[in-house]
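# Summary of structural features
Given next are the chains, with one letter for each unit.
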Amino acid sequence: MAIQSAETSLTFDENIGLIARFFRGAKWYGAEWYITVSGAVILILIFLMTILAPHLAPYDPVKSVGSPFTPPGKGRQVLIVRSDEETIQQPADLAGTLVGVRANTTGQFCALELNAKVKKFYKIEECFEALAAGQVDALLVEENVAPALMSAYGDRLKQIGAPFGPTFVLGTDNLGRDILSRIIFGARAVLLVAILSAGFSALVGVPTGLLSGFIGGTIDRVLSLIMDSIYSFPGLILAIAMAAVLQLQMQQVLKNVTGAVGLRLSGDQTAVITGTMTTTVAIAVVYMPTFFRMVRGQVLAIKQQLYIEAARSLGARPLTILFQYIFPNVIASIVVIFSVNIADAILTEAGLSFIGLGLPPPTPDWGYDISKGRQFLAAGQWWMVTFPGLMIILVAMGFSMFGEGLSEILNPRLAEV
Amino acid sequence: MGSSLRAHILTRLLMTVPMVLILVTLVFVILRVMPGDPALAMLRETASEEQLRNLRHALGLDKPVLFNFRGSTAIAKETANLYEKPKTDSRILRPIEKEEKLRITGWTSEEGWLWLAATEQVQGWVRVKDLRIGLRERLFSTARAASETDIYADTAGSKVVEHLSAGETIKRVRVEGDWAEVITTRQTEGWAPSERFEIRINPFDSQYFIYLWNLLHGDLGTSMTQRRPVLSEIADRFPATVELAVGGMIVTMLIGVSTGAFAAQKRRSPLDYGLRIFSIIIYSVPIFWLGLVLQMILGVRLGWLPVAGRIGPEIAPRQITGLYVLDSLLTGNATSLVSSIKYLIMPSLTLGLYLSGIFTRLTRSNMLDVLRQDYIVAARARGIPERVVVYKHALKNAFIPILTMMGLQFALLLAGAVLTETTFSWPGLGNMLVRRIYDRDFSTIQGTIVVFAFLVAGVSLLVDIIYAYIDPRIRY
C-alpha cells in the first residue's frame, strides 16, 4: 500500500515544516497513517487521563458516594415535605432540620452536605410513613422513586423545587461507588501492569534474542526450543497458572525483601504491591518469546547483509557488530512489538483480574469491576459491566492500532509474519 | 508416496517429544520450583508444622527437586526395628528382617536415623460385592472397599490375610466371578538407625523424575479437595470443553472465512477497510466482556437464550460420548437436543466471534495470494463469473493454509475457552481450573495445565499430518 501511493504522488521535499511533513504522511502512507495516528491520539488521551486522574475523577473511586445501583445519568434528589410545611422552601433551608433518608444512599450524603440532621431508614416506604407521621421534617429521595410513592399520600405531601444534587454520569456500582471515577483511576492499574510486564518481557526477550540469533549453534537451538514451547502454550492459561502460584508466594518473597531492607508496609500496601508484582511477572513470562522470536529472526536476517560482512572484514569485534550494526536496526521492530504486546498484556491482565487473580479489591481495576458487575447483570444492571469493558477495548485498540500501523509504515512485510 | 508420508509423520512425532517434554517441564518449574512453599500456600498461614510436614510428605515435596543423592532405598544389613520416633525408647512399629528392602522417603533424616517405609503389598481375595469398582476406576484397575471386610488367602475364604476398612483404596483388582483378587498398598513408615542399612542411591528418585514417570503412566495425581484422581476429574469435564471448542470453531469458520474472502474480493473498498477495523476491534475486545454483553442482550433483555450452564436441568441425555449434542442425536432425544443446542449457541458465538477477527485477516491475505496466481487469471480470462472464481476456485485453494492457521490458533482457542467457560459457567476444563485455583488445589491445577500442554502439542501434530496428507509438497 505504501509503495503504491508513493508511486502515484509525491516528490520528496526537504524544505518543509515538521508539522506539514507529519500531515503529508497521510498521503504518503494512506490508511496505515490514519490507523497509527488515531491509535496515537487514543493513547495520548488515555495517558493524560491517567496523569490527571485526581483532577478528572468527580469522586473518590474507593468510597461510597451515592445510592448503590444508581443508573447512568441518575442520582438527583427530590425534596419532599408535608403540604402544610412553611419554613422549608429550598434545599438550603434544610440546615439544622431533621431529614429522613434511606441508609447509605445519595440522599444521606446530600443531607449531610446540607448540614441537616439525618434519620436513617432501611426501607423507602418507612421514610414516607415517618414524614406523614411528622417524625421528620423533610425527605430526600431519588427522583425516579419519588412519584410512585408520593401518589399513595395524595396531596398530604408535596415536592419542593426541581430535582437537585449530584448525578452519576455512568451510574454507581453495588457499593455506591461512582463508576466514572473508578474507570478513570482503573486506567492506572491496567497501564502500570501492562507497561511493566511488556518492559520485563523485552528486558529478557531482546538480549536473549540478540545473542541467540548472533551466536547461533547449540545455545540458539536450546533457547529457541524453550521459547517456542512457551510461545505455543496458551498464553492466558500460562499466566493464570503463574499468577495462581505467585499470588500465594509473592507475599512471602515481599516479606523477606522488605524485612531485609528494613521497610515497613501496611497490609493494604503489601496487598497492592503483591498483586501488581504477581500479574506483572505472570504476564511478562508469557510474552517473553514474542520479543525473543522477533529479535532473533531480525538478527538472523541482518547478519546476512553485506555491511555486516564489510564490518567483519574490517576487523570489527563481534560485540561491536552486534551493538553498533545489528541492534540499531532492530529497535524499530522492538517498538512495534512493544506496542502490540502492551495491547495483549492489557487483555491478559483484564482476563486475570476477571477471574480474581489481579489486584486486590478495592483498587479500581477494570477486569475485576466487570466480574463484580456480572453478578447483577441478570437483574438488568448493565452499567457496571459495560463501561469498564469499553475502556479495555479502547486502550487495547489504541495500542494495537498504533503498533500495527507503525509496523506497516516501518516495514510493510512485518505485518504478514 | 505412502512411505514418505509415513516417514514425515514419524519425524514429526519425534519432534513432538522434546516439545512436550519442555512444556511439561515448564509446568513443573512454574508450580514447584518457584520461590515459596506450595504446601504453605495450600494450607494457609494457620497450619501447624506437623500438618505442613504431612502435606509435604503426601505431595512428595520433601524429596529433592531434580536429582536425589540422599538415597532412595535401603537394605537391612542386620535385623532392626522401625521406630515411631528417632529414639530407641519410642514405640516399635515393625521389626525389619535382614536383607529386607525399604524405601527412604523424602522426610528429613535426623542424626544417625532414617525415615523409612516398608513397601509391603498385601495380596489376597475379596468378595466383589464388598468392593466399589467404578467404570473409570476399572480403567486404572483400582477399586475402593464398599464396606469393612477381610482379605482372604483364597476364594474359599479360609484364612484372613488382612483387614480392609471401608472406603480404602485398592491398588490392583482382578475380578473372577464373585471374588476379586486385590493388592493393597499399605505401607508402614517409621524411623530406624541408619548404620544398620546399606543405602542405595537412585538419583532419579526426585520430584521432577517422579512427576515425569507418573505422567508417562497417565497418573496426574490425586485432587486434594475432591479426593479422587485428577485424571478422572479432567475426563468428566473434557467433553464439555471439546463441545465448546467445536462450536466456537464452527462459528469462527463461518464468520472469519466468509468475511475474509469477501474482503479479499472487494479489496480496497470501504467494506474491506470496514472489515479490517472490525478485526482490530474484535481482537481488542476482552472475550469475557463479549460474553457478558451477549448474555445481557440475548439472555436478559430478549430472553431468547439461557444465560449460563450446559443443558436444561432435567434433560441431560444418556452419556455416550459426553458431548451433549452428539449424545442427543445418538439417543434420538429431541428435547435434550434442542436444549443443549440452545445452551451451546451463546458460548460458541462468544468464542467464535473472538477468534473470527484473526481469521478474517488471515483468510484475506491468503485469498489475496491465491487470487494473484496464474490459474485464477486464466479462469477469469475464460469468462468464468468473478463470484465463481473467488468462492470456488480461489477459496478452495486458500483452504490449506487456513487449516494450518487453525492449528496455530488452537492455543488461542483454548485460552479463550477458559474465559468463556468462566463467563457462562460452562462445566469444562477451564471453569474447573479457575475453581480449583480458589481452592488452592495444586494437583488439579498442575494436571489440568499438563493436559492443556498435551492438547496443544497433539493438535499441532495432527494438523501437520493432515496438512501433509492434503499437500504432497510438504513431505520432504
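The structure this text deals with has already been given above.
Quick summary incoming for the structure in this document. (Residues numbered from 1 in each chain as written. Chains lettered and ligands numbered in written order. Predicted model: local features only at pLDDT ≥ 70, side-chain atom pairs only at ≥ 80, totals over all residues. Heavy atoms only, no water.)

The subject of this paragraph is the packing of helix H9 (residues 217-232) of chain A against helix H11 (residues 267-303) of chain A. All names here are of chain A. Direction vectors running N to C along H9 and H11 enclose 135°, while the axes themselves pass 8 Å from each other. In terms of their interaxial angle, H9 and H11 are classed as oblique. Remark: the crossing between H9 and H11 carries left-handed chirality. Where H9 approaches H11, its residues Asp-220, Leu-223, Ser-224, Met-227, Asp-228, Ile-230 and Tyr-231 are matched on the opposing element by Val-285, Val-286, Met-288, Pro-289, Thr-290, Phe-292, Arg-293 and Arg-296. A breakdown of the residues in the contact of H9 with H11 according to their chemical character gives nine nonpolar, two polar and four charged. (Axes fitted to C-alpha atoms, helices over the stretch in contact; angles between N-to-C directions. Helix = DSSP H or I, 4+ residues; strand = E, 2+ residues; numbered from the N terminus. Parallel < 35°, antiparallel > 145°, perpendicular 65-115°, else oblique. Left-handed = near helix turned anticlockwise from the far one by under 90°. Contact = heavy atoms within 4.5 Å. Nonpolar A, V, L, I, M, F, W, Y, C, P; charged D, E, K, R; others polar.)

What follows deals with the sheet that holds strand E3 (residues 117-121) of chain A. All names here are of chain A. In space, the five strands of this open sheet follow the order E3-E2-E4-E1-E5, with mixed pairing throughout. Edge positions in the sheet fall to E3 and strand E5 (157-164), since each has one partner strand and no second. The mean angle between the axes of side-by-side strands here comes to 30°, regardless of whether they run parallel or antiparallel. Summarising the sheet, strand E1 (residues 77-82) and strand E4 (residues 138-142) pair through five bridges and their orientation is antiparallel. Looking across to E4, one finds that Gln-77 is bridged to Glu-142. Where helix H5 (residues 106-113) meets the sheet, it contacts E1, strand E2 (98-102), E3 and E4, and its direction lies at approximately 155° from that of E2. Against the sheet, helix H6 (residues 124-132) touches E1, E2, E3, E4 and E5, its axis set at about 155° to E4. (Pairing = 2+ DSSP bridges.)

Another aspect to go through is the environment of A:Phe387. All names here are of chain A. Tracing the sequence through the fold places Phe-387 in helix H15 (residues 383-410). Sequence spacing of Phe-387 and Ile-370 is 17 residues, and the spatial spacing of their C-alpha atoms is 8.7 Å. Setting aside chain neighbours within four positions, we find Phe-387 in contact with Pro-72, Leu-170, Ile-179, Ile-183 and Trp-382.

Moving on to the packing of helix H13 (residues 410-424) of chain B against helix H14 (residues 429-439) of chain B. Residues and elements named next belong to chain B. As a packed pair, H13 and H14 sit with axes 7 Å apart at the nearest point and diverge in direction by 75°. By the criterion of interaxial angle, the relationship of H13 to H14 is roughly perpendicular. Packed against H13, whose contacting residues are Val-418, Glu-421 and Thr-422, the element H14 presents Leu-429, Gly-430, Asn-431 and Val-434 at the interface.

This part is about the nonpolar core. One finds A:Ile240, A:Ile346, B:Tyr211 and B:Phe452 to be the most contacted residues of the largest nonpolar core, which totals 142 residues. It is helix H10 (residues 235-261) of chain A that provides the largest number of residues to this core, a total of 13 residues. If near-sequence neighbours (up to four positions away) are discounted, B:Phe452 is found in contact with A:Phe233, A:Ile237, B:Leu414, B:Val418, B:Leu429, B:Gly430 and B:Leu433. In terms of nonpolar packing, the next biggest core, distinct from the first, is built from 17 residues, A:Leu210, A:Phe214, A:Phe291 and A:Ile308 among them. (Core = buried A, V, L, I, M, F, W, Y, C linked by side-chain atoms within 4.5 Å. Buried < 20%, exposed > 50% of the residue type's maximum accessible area, 1.4 Å probe, protein only.)

For the structure shown, the criterion picks out twelve aromatic pairs over all chains. When the ring of A:Phe47 is compared with that of A:Phe399, the centres are 6.4 Å apart and the planes differ by 85°; the resulting orientation is edge-to-face. Of this pair, A:Phe47 sits in helix H3 (residues 31-51) while A:Phe399 sits in helix H15, placing them 352 residues apart in sequence. Look at A:Trp382 and A:Trp383: their rings are 5.8 Å apart centre to centre, the planes differ by 85°, and that puts the pair in the edge-to-face class. Classification of A:Trp382 as partly exposed rests on a relative accessible area of 29%. You can call A:Trp383 buried: its relative accessible area is 5%. Three or more aromatic residues joined by ring pairs make a cluster, and in this case those are B:Phe28, B:Tyr208, B:Phe209 and B:Tyr211. Above the plane of the ring of A:Tyr231 lies A:Arg293, whose end atom (NZ or CZ) is 3.9 Å from the centre. (Phe/Tyr/Trp six-rings, centres within 6.5 Å; stacked < 30°, edge-to-face > 60°. Lys NZ or Arg CZ within 6 Å of the ring centre and 35° of its normal.)

Moving on: the pairing of E3(A). All names here are of chain A. For E2 and E3, the ladder comprises five bridges, and the chain directions are parallel. Bridge pairing in E3 places Val-101 opposite Lys-120. In terms of handedness, the path from E2 via H5 over to E3 forms a crossover that is right-handed. (Right-handed = clockwise from strand over helix to strand, strands pointing away.)

Now for the side chain of A:Thr258. Among the structural elements, A:Thr258 can be located in helix H10. When near neighbours in sequence (up to four residues on either side) are disregarded, A:Thr258 contacts A:Leu263 and A:Leu265.

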